[in-house]
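The residues making up each chain are set out below.
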Amino acid sequence: SPPPPSRDSITESSRIRQKETAERNCRHCYLGLKKAEGLALPDRERLLEIMRDAGVLWLQLTGGEPTVYKRLLQLVRTARALGYSSIQLQTNGRMLAYADVVGRLVDAGVTEFSPALHGACAAEHDALTAADLPSDRGAMLIFYCASRA
C-alpha cells in the first residue's frame, strides 16, 4: 500500500460549507430556500480540529449563507484558537452593512470578507438574487470592511 501522505502533500486550505438556508432565493444557488440544518457546533469544532491536524492553515466559511448560522462567532473563535492563519467569510454581504456585525466578526477572527456581488450593476444583481440591493450598498460594505482590516 502507498505510504501515508506527508504534511507537505496535504492541502493548506479548506472550505466549510454552512448548510443553513440563505434568506434569499438566488437563481444561481443550488440551495435556494430549501430548509437545511448543518452539523451541531461541537461537530463543526471537531471538523476544524481534524482539518488543522491534516495541515490546513486557511479556512473559508461559505453557505447557503454563513451569517444566518447562530453560532458563527463561536465557530470563528474556535478556528482562530486552533491556529488558522486566514479565515475567509464568503457571504451575500447583507449583514456586512451593519458596522457592529463586521466588528464582531473581525474581533472573533475573520481575516477576509468575500461578499458576493453578482452582475455589473444593481439591476443585474437584483435579477439574479431576488434582492433589493441599493446600487451604492455593495461599494459601501466593501469600503467599510477594508477600513476594519
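Just so we're clear, the structure is a prediction, and the values are computed from it rather than from any experiment.

K.L.:
What am I meant to see in the pattern of salt bridges here?
P.N.:
Side chains that differ in charge, positive against negative, can pair when their charged atoms come close. For the structure on display, the rule yields three salt bridges. A salt bridge links Asp-100 to Arg-104; the nearest nitrogen and oxygen atoms lie 3.7 Å apart. With Asp-100 and Arg-104 both in helix α3 (residues 99-108) and four residues apart, the pair spans about one turn of that helix. Overall, Asp-100 belongs to the partly exposed group, its relative accessible area being 47%.

K.L.:
Is there a simple way to think about the layout of surface pockets in this case?
P.N.:
Left-over empty space is what a probe sized like a water molecule reveals as it rolls over the atoms. Estimated volume of the second largest pocket: approximately 160 Å³. Considering the residues around the second largest pocket, the lining is formed by Thr-67, Tyr-69, Lys-70, Leu-72, Leu-73, Met-95, Val-101, Arg-104 and Leu-105. Of all elements in the fold, only α2 (72-81) and α3 reach the threshold of two or more residues within the lining of the second largest pocket. When residues of the lining of the second largest pocket are assigned to their parent elements, the largest contribution, three residues, is made by α3. Residue composition of the lining of the second largest pocket, grouped by class: six nonpolar, one polar and two charged.

K.L.:
Where do I start with the side chain of Thr-91 in this structure?
P.N.:
The topology assignment puts Thr-91 in strand β3 (residues 86-91). Among the polar contacts listed, one links the side chain of Thr-91 to the side chain of Glu-65, at a separation of 2.6 Å. If sequence neighbours within four positions are ignored, Thr-91 has contacts with Glu-65, Thr-67, Leu-96, Ser-114, Pro-115 and Ala-116.

K.L.:
Looking at this structure, I do not really get the confidence of the model for the chain. What am I missing?
P.N.:
Atomic detail in the predicted coordinates should be set aside for any region of low pLDDT. Averaged over every residue, the pLDDT of the chain is 75; the share at 70 or more is 60%. Looking at the elements of the chain, mean pLDDT is at its lowest for helix α5 (residues 137-148), recorded as 55, and at its highest for α2, recorded as 96. In this model, residues 1-6 is a region of pLDDT below 50 whose contacts with residues beyond four sequence positions or in other chains number one contact.

Reading guide: rules and limits
- Residues numbered from 1 in each chain as written.
- Predicted model: local features only at pLDDT ≥ 70, side-chain atom pairs only at ≥ 80, totals over all residues.
- Heavy atoms only, no water.
- Salt bridge = Lys/Arg side-chain N within 4 Å of Asp/Glu carboxyl O.
- Helix = DSSP H or I, 4+ residues; strand = E, 2+ residues; numbered from the N terminus.
- Buried < 20%, exposed > 50% of the residue type's maximum accessible area, 1.4 Å probe, protein only.
- 1 Å grid on protein atoms, 1.4 Å probe; cavity = no way out; pocket = protein on both sides within 12 Å on 5 of 7 lines; lining within 4 Å.
- Points joined across faces, edges and corners; volume = space filled by probe spheres on them.
- Nonpolar A, V, L, I, M, F, W, Y, C, P; charged D, E, K, R; others polar.
- Polar contact = N/O pair within 3.5 Å; in protein donor to acceptor, adjacent residues only side chain to side chain.
- Contact = heavy atoms within 4.5 Å.
- pLDDT = per-residue confidence, 0-100.

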